[in-house]
Amino acid sequence: MSNGDVEVTGNDLLVMIIRYLLCLVFPPLAVFDKGCGTMLLVFLFTLFGWLPGTILAFLICLKDRNYFRKS
């Protein structure tokens, strides 16, 4: 049983910071490892405007923040 504590190493924190910076600079690159469909969707949203693509990329990356939680 885990007590809900999350252990985040320095390397994990650096990857998270880089990913959020990529969400601001070039949103499709931030979701590159999520699959081709997700990257294409973010790219299409970015074509409609920088802000919609950025918001979608942030939402996808925030959804993935449970990556550090232990099962």
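Right above here is the structure, for reference.
All of these numbers come straight from a predicted model, not from anything done at the bench.

Calculation rules
Residues numbered from 1 in each chain as written. Predicted model: local features only at pLDDT ≥ 70, side-chain atom pairs only at ≥ 80, totals over all residues. Heavy atoms only, no water. Helix = DSSP H or I, 4+ residues; strand = E, 2+ residues; numbered from the N terminus. Buried < 20%, exposed > 50% of the residue type's maximum accessible area, 1.4 Å probe, protein only. Contact = heavy atoms within 4.5 Å. Axes fitted to C-alpha atoms, helices over the stretch in contact; angles between N-to-C directions. Parallel < 35°, antiparallel > 145°, perpendicular 65-115°, else oblique. Left-handed = near helix turned anticlockwise from the far one by under 90°. Nonpolar A, V, L, I, M, F, W, Y, C, P; charged D, E, K, R; others polar. Phe/Tyr/Trp six-rings, centres within 6.5 Å; stacked < 30°, edge-to-face > 60°.

A look at the environment of Met 39
Item 1. Secondary-structure assignment places Met 39 in helix α3 (residues 36–48).
Item 2. The partly exposed category is assigned to Met 39, whose relative accessible area is 29%.
Item 3. Sequence spacing of Met 39 and Leu 29 is 10 residues, and the spatial spacing of their C-alpha atoms is 7.5 Å.
Item 4. In contact with Met 39, other than residues within four places in its own chain, are Pro 28, Val 31 and Phe 32.

Concerning the packing of helix α1 (residues 10–25) against helix α4 (residues 50–63)
Item 1. The geometry of α1 relative to α4 is characterised by a closest axis approach of 8 Å and an angle of 160 degrees between their N-to-C directions. Between α1 and α4, the angle falls in the class roughly antiparallel. The chirality of how α1 crosses α4 is right-handed. Here Arg 19, Tyr 20, Cys 23, Leu 24 and Val 25 of α1 come into contact with α4, specifically with Trp 50, Thr 54, Ala 57, Phe 58, Cys 61 and Leu 62.
Item 2. When its residues are assigned to classes, the contact of α1 with α4 shows 9 nonpolar, 1 polar and 1 charged.

Some remarks on the packing of aromatic side chains
Item 1. Under the criterion given, the structure shown has 1 aromatic pair.
Item 2. Relative to Phe 58, the ring of Tyr 20 lies with its centre 5.9 Å away and its plane at 20 degrees, an arrangement referred to as stacked. Separated by 38 residues along the polypeptide, Tyr 20 in helix α1 and Phe 58 in helix α4 bring together distant segments of the chain.

In short, geometric facts, not functional conclusions.
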